[in-house]
Amino acid sequence: MKKSLLALAALAAVSASAYDINGAGASFPAPLYFDWAYSFQKATGNRVNYQSIGSGGGIKQISARVVDFGASDKPLKPRKLDKKGLYQFPAVIGSIVAAYNIPGIGDMKLKLENKDLAAIFMGKIKFWDDKAIAEDNPNLKLPHKKIIVCHRADGSGTTFNFSYYLSHASSDWANNIGIGKALDWPVGLGGKGNEGVSSLIKQNPYSIGYVEYAYKLKNKFSAAVLKTKSGKWVSPTEDNFKAAAKHAKWTAKKHFYQILALQPGDDSYPIVAATFILLPREAKAKDKEVTKFFDYAFKNGDETAKKLGYIPLPKETKDMIRAYWKSNGIF
Amino acid sequence: MDKFLDSLFLNTSRIFAITVLVVLVALFIVLFKEAKPAIDAFGLQFLTNTRWAPNMDIFGGYPAIYGSIVSTAIAMLIATPIAIGIAIFLSELASPLVAAIVGMAVELLAAIPSIIYGMWGLFYLAPILKDIWGGSGLGLATAGVVLSIMIIPFMAAITRDAMKTTPDILKESAYGMGATRWEVLKDVVIPYVKSGIIGSIILALGRAIGETMAVTFVMGNAHKVPHSLFEAATSIPVTLANEFTEADTDLYYSSLFYLALILLVISFTVIAIAKFLFLKRVQEKKI
C-alpha cells in the first residue's frame, strides 16, 4: 500500500514537470514517430501525441497553429516558410521502391531504366516482355502479360517524390503528367495509402507499384533495380539509400529545403526522400520542448528507424540541424 | 398551467423539428460557399469535364459523377428483385420458425458496418470476380455487387415489415374467393404495400449513392470514365474520402466541395422525384 502510494507520488512529481507536445501530419513516418514518442516518454515522462493525418493536413494544422509541430513529406520552399512563419528541418529519410509481382522473377532481379519505369506508369509500355524491358534483362524470361499499374489514390508525399523522380528521368512524364501529390494517372488502379497499394500489388500478379521501403520489407515484395543519375544500375538496398542521403547538400539557410531524388554518385539509389518537421517561429518555448524530443530521437532512435525500414540522418546533418535550432533560439 | 405545458411542449417539439430544416439549409450554404471558387473557375463544365489533374489545378467531375450513378444503378438492379423476394418469402411463405430465424439474420446483416463489406469485397469477392471477369477484379461492377449485398438486407427488412401491415382480413377474403397464393400476392399484398416498397427502394438508393467505405476498397480509384464495367473507376464519396486530407491548393479543396454539393443535389433530386412522382401516383391509385 505504502509502496504504491509512493509510486503514485513519484508519478505525480514527474507529470507535474512533464509536458505534452501535439504534432500532426505525414503518415509515412508515423510508425517511427510513435515509436520515438514511446521511448521518449519512458525516458523523460514527456508525452508526444502524433496524429497521422497526412502531410497536407499537417501543414494546414501547423499554419493554423492548432498543433505544436507539423510534419510533411514534401518540404516547403523558404519563401512559403517565411510567409507562414515556420521553421523546417528533416527528421528521417525514407526511400521508395518499384515493387513488382511477377511470378518467377525474384527480388532485385528485374532491371528497369528510369525512363522505362516512367513509360510503364504512363501506360506506354503495356506488356512485361516489351522490347525496352527485355533489352535490359537478357537473362530473364519475361511473360507476355499485361502490366497492372498500382498507384496511390490519395494525395501523398510518396507520390510527390516518385513523380519528382520520374519527371527528372523522363521528359515525356514531365511534359504530360508532371509533379504532384495527386496526379492524373493515365492508367492503373488506385489504393489508399501504402497499405492500399501493397494489397493491390499482392492481389494482382503481373502488377507493379511504388511503395515506401518499409512496406517492401513488411510484405516481402520484389523490387526493381534502377539506375543512378550517372547511369549505373543500383539495387534498392540500405547501403545505396544511405549513399544517396550522404550526397544531399543540406543548407540551414534554405531551411533544409532539398529534394533527394536522383542524387549524384555511383551508388546513390535514385528515389530517396526526407520527411520534414515544421515549427512555428513565434512559439520559442514550446519549440524548445519539441526540439528536445527530436534531439532525443536523433541520439537514441537510429536503431528503431533502421528496424522499421527508414534511413537515419547522417551525423553531419544532425549536427547541422542542432546548429540551426541554436541559431534560431529554439534549442 | 395545463395550457402552459401544452404550449411549452408544442414549441419545444417545433424547435426540434425546425432544427432539421436549419441543418439542411446550413449544409447547403456551407457546401455552396466552399465550392464557390471551383464553381467560378469551372462553371457547369465541371459536370462534363473528364480530366482530374490536381497537380495542374485541372478539375473535372464527370468520372466521379458517372461512377456514382452507374455503380448505384447496378446495385439497385441486383438488389431490388432479390430483396423483394426475400421479403415475400419471409412475410408470406415461410413457416413462423424459419421466418423468425432468417428474419433475424437479415436484420443482423443490415447492421453490419459498411467498411466490413468493403474489406470483404476487396479480399474475398474481388479475387473471385477477377477469375470470372478477368482484369483486376476492381471496378464499377464489383462496386455494384458489394453495394447490392450491402443494401439487400436493409431493403428486405423494410419491405417485409411493410408487407406485414397488410390486414389479414384482406388476404383472407381473397383466399375465400378462391384466389391462389400468387394472385393474393400480386393483387392484394403488393398493391397494398407499394408505397412501402418504393420507400425502401428510395432509402436504399440514398444509402448506396452516398456509400463511401464499402466502395473505396473495390472501385479501383481511377479518375477515368472506364471503357467497361470491369475497369477501375471512382465515385464522388470515394474521391472525397481519398483526397480531402491532402487537398492543399484552394481550387483542389473547393473542387472537392463542388463534388460534395453535386452529390447532395443528386440524392436530393432522386428522393424528390421518387417522393413527388411515384408516391403521389401510388396514393392516387389507392383512392
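Residues numbered from 1 in each chain as written. Chains lettered and ligands numbered in written order. Predicted model: local features only at pLDDT ≥ 70, side-chain atom pairs only at ≥ 80, totals over all residues. Heavy atoms only, no water.

1. Topic: the packing of helix α2 (residues 62-93) of chain B against helix α7 (residues 181-209) of chain B
Residues and elements named next belong to chain B. The geometry of α2 relative to α7 is characterised by a closest axis approach of 9 Å and an angle of 140° between their N-to-C directions. The way α2 lies across α7 gives a crossing that is right-handed. On α7, the residues that touch S68, T72, M76, T80, I84, I88, E92 and L93 of α2 are R181, L185, V189, I190, I197, I201, A204, L205, A208 and I209. Grouping the constituent residues of the contact of α2 with α7 by class yields 13 nonpolar, 3 polar and 2 charged. (Axes fitted to C-alpha atoms, helices over the stretch in contact; angles between N-to-C directions. Helix = DSSP H or I, 4+ residues; strand = E, 2+ residues; numbered from the N terminus. Left-handed = near helix turned anticlockwise from the far one by under 90°. Contact = heavy atoms within 4.5 Å. Nonpolar A, V, L, I, M, F, W, Y, C, P; charged D, E, K, R; others polar.)

2. What to know about the interface of chain B and chain A
Listed as interface residues are 28 residues of chain B and, on the opposing side, 33 residues of chain A. Each partner contributes to the roughly 2100 Å² buried at the junction of chain B and chain A, and carbon and sulfur atoms together form 44% of this total. The largest per-residue losses of area from chain B upon contact with chain A belong to N55(B), N242(B) and E246(B), which jointly make up 27% of the total buried on that side. Linking chain B with chain A are 2 salt bridges. For R51(B), the salt bridge identified is with D184(A), shortest N-O distance 2.5 Å. Counting every contact that joins chain B to chain A gives 12 residue pairs in polar contact (both at pLDDT 80 or more). Every element with two or more residues in the side of chain B that touches chain A is listed here: α4 (114-133), α9 (236-243) and α10 (250-286) of chain B. When residues of the side of chain B that touches chain A are assigned to their parent elements, the largest contribution, 4 residues, is made by α4(B). Among the residues forming the side of chain B that touches chain A, the class breakdown is 15 nonpolar, 7 polar and 6 charged. (Buried area = accessible area lost by both parts, 1.4 Å probe. Salt bridge = Lys/Arg side-chain N within 4 Å of Asp/Glu carboxyl O. Polar contact = N/O pair within 3.5 Å; in protein donor to acceptor, adjacent residues only side chain to side chain.)

3. Some points on a nonpolar patch on the surface
All names here are of chain B. On the surface, I18, L21, V22, L24, V25, I29 and F268 cluster together into a nonpolar patch covering about 610 Å² of accessible area. In terms of residues, the nonpolar patch owes the most to one element, helix α1 (residues 2-42), which gives 6 residues. Here V22 is to be found in helix α1. (Patch = residues over 30% accessible without salt bridge, like charges linked within 9 Å, V, L, I, M, F, W, Y side chains within 5 Å. Areas by Shrake-Rupley, 256 points an atom, 1.4 Å probe, with all protein chains shown as cover.)

4. Comments concerning the environment of I93(A)
Residues and elements named next belong to chain A. Looking at the secondary structure, you find I93 in strand β4 (residues 86-101). Exposure remark for I93: the relative accessible area of 0% places this residue in the buried category. Leave out the neighbours within four places in its chain, and I93 touches A245, L260, V272, A273, A274, Y310, I311, L313 and P314. (Buried < 20%, exposed > 50% of the residue type's maximum accessible area, 1.4 Å probe, protein only.)

5. So, the domain arrangement of chain A
All names here are of chain A. Under the domain assignment used here, chain A contains domain 1 (18-94 + 247-327) and domain 2 (96-245). Taken over C-alpha atoms, the centre of domain 1 sits 27 Å from the centre of domain 2. Contacts between the two partners involve 27 residues from domain 1, matched on the other side by 33 residues from domain 2. Summed over the three residues of domain 1 that lose the most area to domain 2, namely L262, Y269 and I271, the buried surface amounts to 26% of that side. Taken together, domain 1 and domain 2 are joined by 1 salt bridge. Across the salt bridge formed by D266 and K232, the nearest N and O atoms sit 3.4 Å from each other. In this structure, the connection of domain 1 to domain 2 is made through 9 residue pairs in polar contact (both at pLDDT 80 or more). (Domains from an automatic or database assignment.)

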